[in-house]
Amino acid sequence: GGAMSFLKRFPPPAEGVRHRQPDTEAVLAGRSLGAGTLYIAESRLSWLENSGVGFSLDYPTISLHAVSRDLSAYPCEHLYVMVNAKFEEEGTKEAPMAEGEEEEDSDDDVEPIAEFRFVPSDKSALEAMFSAMCECQALHPDPDDEDSDNDYEGEEYDVEARELEQGDIPSFYTYEEGLSHLTAEGQATLERLEGMLAQSVSSQYNMAGVRTEDSIREFEDGMEVDIAPVVAGQFEDAEVDH
Amino acid sequence: MEVSHSVKERTIAENSLVILLQGLRGHVTTVDLRDESTATGRITNVDAFMNVRLAEVTFTDRQGTVSCLDELFVTGRNVRYVHIPDEVDIRATIEQQLQAIHRVRYFGGRDKGRKEFPRAKHK
């Protein structure tokens, strides 16, 4: 028979591929589309026949998916995917508007569904395929969900900070408060570290933004040092703009 | 008692009845789908978007054909109704789920809490 017209040639997805299953047959409404590779990617579900043509399904259009091992329902273990869309099948008319030729379940009230089955030659992969699909599906929550109140516009707030507003013991300090809370040991450590910093700073040049009491004293001979030095000509050679 | 690892999902669950469905993990129940099909199985997970994952499922499609599915994932959008099993104490389930969320939120003590989204208005 002829090729199904919804099959297209496209490169296999490269990003966000959670699971790749080669040697997988795709079946649409009971008709085999051939053997190929199934790509379960975060952006969409794709299947490419070995010849290079295939199709993709967007997660928002997928109603459900399942692992079927019930051989009385279908002769092979497979991943079942129900899609809320119509796919053209071989031999059916393309225009749905032909009068008097409506199929029995093409009511306006009934939503279109298409049933895909992905049959991997490696049956043990079905669990991983199913789980990968669950993960990807969860990345695409229903944007049309009007009923729920799931819009949290506020920014994430810090539970801790919110509790501080109620006058609890603070768990962070401002600089001054922090200094006053230092033990003698802590004070000594701070002075030692600042001293080390001042030494390394004064031996060369002032690093932008780093000033200690010591470094300021060292320049008391009148030379003014700005945190962001903008003396004409001084840094002509510098290529980096701070 | 498991809760989502996502801050956003915990907040959504805490503020909707999805929290009740999440408490049904492990219970066997029936989910009615939007297209009139039904799935009866053991709930293994319900996320904040009401996506439902079931195991050992008896699936009856809209034409009435029955089949068995090892595992089934129904998107929240397609869930019409989740039957609450008779043996489930609804209030206790909700309280347990809320406690589980609060344990996660306040893990490590009062001053080491995690960030959360602002709550919706209290009723």
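Refer to the structure presented above.
Residues numbered from 1 in each chain as written. Chains lettered and ligands numbered in written order. Predicted model: local features only at pLDDT ≥ 70, side-chain atom pairs only at ≥ 80, totals over all residues. Heavy atoms only, no water.

Caption draft 1: Representation of the overall build of chain B. Within chain B, the regular secondary structure consists of three helices and six strands. Reading chain B from its N terminus to its C terminus gives the helix and strand order α-α-β-β-β-β-β-α-β. Burial statistics for chain B: of 123 residues in total, 45% are counted as buried. Restricting to contacts in chain B with at least 6 residues of sequence separation, those with at least 24 account for 51%. Taken as a whole, chain B presents about 6,600 Å² of accessible surface, with 51% of it coming from carbon and sulfur. (Helix = DSSP H or I, 4+ residues; strand = E, 2+ residues; numbered from the N terminus. Buried < 20%, exposed > 50% of the residue type's maximum accessible area, 1.4 Å probe, protein only. Contact = heavy atoms within 4.5 Å. Areas by Shrake-Rupley, 256 points an atom, 1.4 Å probe, with all protein chains shown as cover.)

Caption draft 2: Expanded view of the overall build of chain A. When its secondary structure is counted, chain A shows five helices and nine strands. Traced from its N-terminal end to its C-terminal end, chain A shows the element sequence β-β-β-β-β-β-β-β-α-β-α-α-α-α. Counting across all 242 residues of chain A, residues that qualify as buried make up 30%. Excluding contacts between residues fewer than 6 apart, the proportion of contacts in chain A whose partners are at least 24 apart in sequence is 56%.

Caption draft 3: Main features of the nonpolar core. Counting residues in each nonpolar core, the largest one holds 32 residues, and the members touching the most others are Leu 45, Phe 55, Val 81, Phe 116 and Phe 118 of chain A. Listed by contribution, the elements that provide at least two residues to this core are strand S2 (17-28), strand S3 (31-41), strand S4 (45-49), strand S5 (53-57), strand S6 (62-68), strand S7 (78-83), strand S8 (114-120) and helix H1 (126-138) of chain A. Considering every element that reaches this core, the biggest residue donor is H1 of chain A, with seven residues. The next biggest cluster of nonpolar side chains, apart from the first, holds 22 residues, and it includes Met 82 of chain A together with Ile 43, Val 52 and Val 82 of chain B. (Core = buried A, V, L, I, M, F, W, Y, C linked by side-chain atoms within 4.5 Å.)

Caption draft 4: Layout of the environment of Ala 35 of chain A. Residues and elements named next belong to chain A. Tracing the backbone shows Ala 35 in strand S3. On the accessibility criterion, Ala 35 (34% relative accessible area) is partly exposed. Along the primary structure Ala 35 and Trp 47 are separated by 12 residues, whereas in three dimensions their C-alpha atoms are 9.5 Å apart. Ignoring anything within four residues of it in the chain, the contact list for Ala 35 reads Thr 24, Glu 25, Trp 47, Glu 49 and Asn 50.

Caption draft 5: The state of the cysteines, seen in detail. The final tally for this structure, using the stated rule, is zero disulfides over all chains. Here Cys 134 of chain A is not cross-linked by a disulfide; its sulfur's nearest cysteine counterpart is in Cys 136 of chain A, at 9.4 Å. (Disulfide = S-S within 2.5 Å.)

Taken by themselves, the reported measurements are silent on function.
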